[in-house]
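# Topology and contacts: notes
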Amino acid sequence: MTWQQELDDLVYDERQRTKAAEKRASEAESRANEAETRADEEKSRADKYEKILKEHGLL
């Protein structure tokens, strides 16, 4: 194998690792966005229940 082929192989391998890292980062960002959405929904529900409890003098 020539040095050029070895270099091509190294570049290909590094590109593959970069693509895999980008995919993992994208998936992590997606999971974080989903978690944030769930947290917002929970806060909305908590606010709703707090309002009801205050209206009934229970809080």
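Up top is the structure.
So, here is what we can say about the structure in this document. All values derive from a computational prediction rather than experimental measurement. (Residues numbered from 1 in each chain as written. Predicted model: local features only at pLDDT ≥ 70, side-chain atom pairs only at ≥ 80, totals over all residues. Heavy atoms only, no water.)

### Section: the overall build of the chain
Counting its secondary structure elements, the chain contains one helix and zero strands. Relative to the globule expectation of 10 Å for 59 residues, the C-alpha radius of gyration of the chain, 25 Å, shows a markedly less compact shape. Seen along its three principal axes, the alpha-carbon backbone of the chain occupies a region of about 80 × 10 × 5 Å. Taking all 59 residues of the chain together, the buried fraction comes to 0%. Accessible surface, the chain as shown: approximately 5600 Å² in total, 52% of it carbon and sulfur. Positive and negative charge centroids in the chain, built from 12 and 16 side chains respectively, lie 6 Å apart. (Helix = DSSP H or I, 4+ residues; strand = E, 2+ residues; numbered from the N terminus. Rg over C-alpha atoms; globule rule 2.2 N^0.38 Å. Buried < 20%, exposed > 50% of the residue type's maximum accessible area, 1.4 Å probe, protein only. Areas by Shrake-Rupley, 256 points an atom, 1.4 Å probe, with all protein chains shown as cover. Lys, Arg positive; Asp, Glu negative; His and termini not counted. Charge placed at Lys NZ, Arg CZ, Asp CG, Glu CD.)

### Regarding a nonpolar patch on the surface
Together, Trp3, Leu7, Leu10 and Val11 make up a nonpolar patch on the protein surface, roughly 430 Å² of accessible area in all. Take Leu7: its relative accessible area is 43%, and that puts it in the partly exposed class. (Patch = residues over 30% accessible without salt bridge, like charges linked within 9 Å, V, L, I, M, F, W, Y side chains within 5 Å. Salt bridge = Lys/Arg side-chain N within 4 Å of Asp/Glu carboxyl O.)

### Some remarks on the environment of Arg45
By secondary structure assignment, the location of Arg45 is in helix H1 (residues 3–55). A polar side-chain atom of Arg45 sits 2.3 Å from a polar atom in the side chain of Glu42. (Polar contact = N/O pair within 3.5 Å; in protein donor to acceptor, adjacent residues only side chain to side chain.)

### Description of the environment of Arg24
Looking at the element boundaries, Arg24 is found in helix H1. Sequence separation of Arg24 and Lys51 is 27 residues, and the distance between their C-alpha atoms is 41 Å.

### Structural notes on a negative patch on the surface
A surface patch of like charges, here negative, comprises Glu6, Asp8, Asp9 and Asp13. Its place among the elements puts Glu6 in helix H1.

### Quick word on the pattern of salt bridges
On inspection of all chains with the given rule, the structure shows four salt bridges. Linking Arg17 and Glu14 is a salt bridge whose minimum nitrogen-to-oxygen distance equals 2.8 Å. Here Glu14 and Arg17 lie together in helix H1, a separation of three residues that amounts to about one turn. You can call Arg17 partly exposed: its relative accessible area is 48%. The partner of Lys43 in a salt bridge is Asp47, with the nearest N and O atoms 3.1 Å apart. On the criterion of helical spacing, the pair formed by Lys43 and Asp47 is a turn pair, its members being four residues apart in helix H1. For Lys43, a relative accessible area of 52% gives the class exposed.

Any functional reading would require information that these geometric values do not contain.
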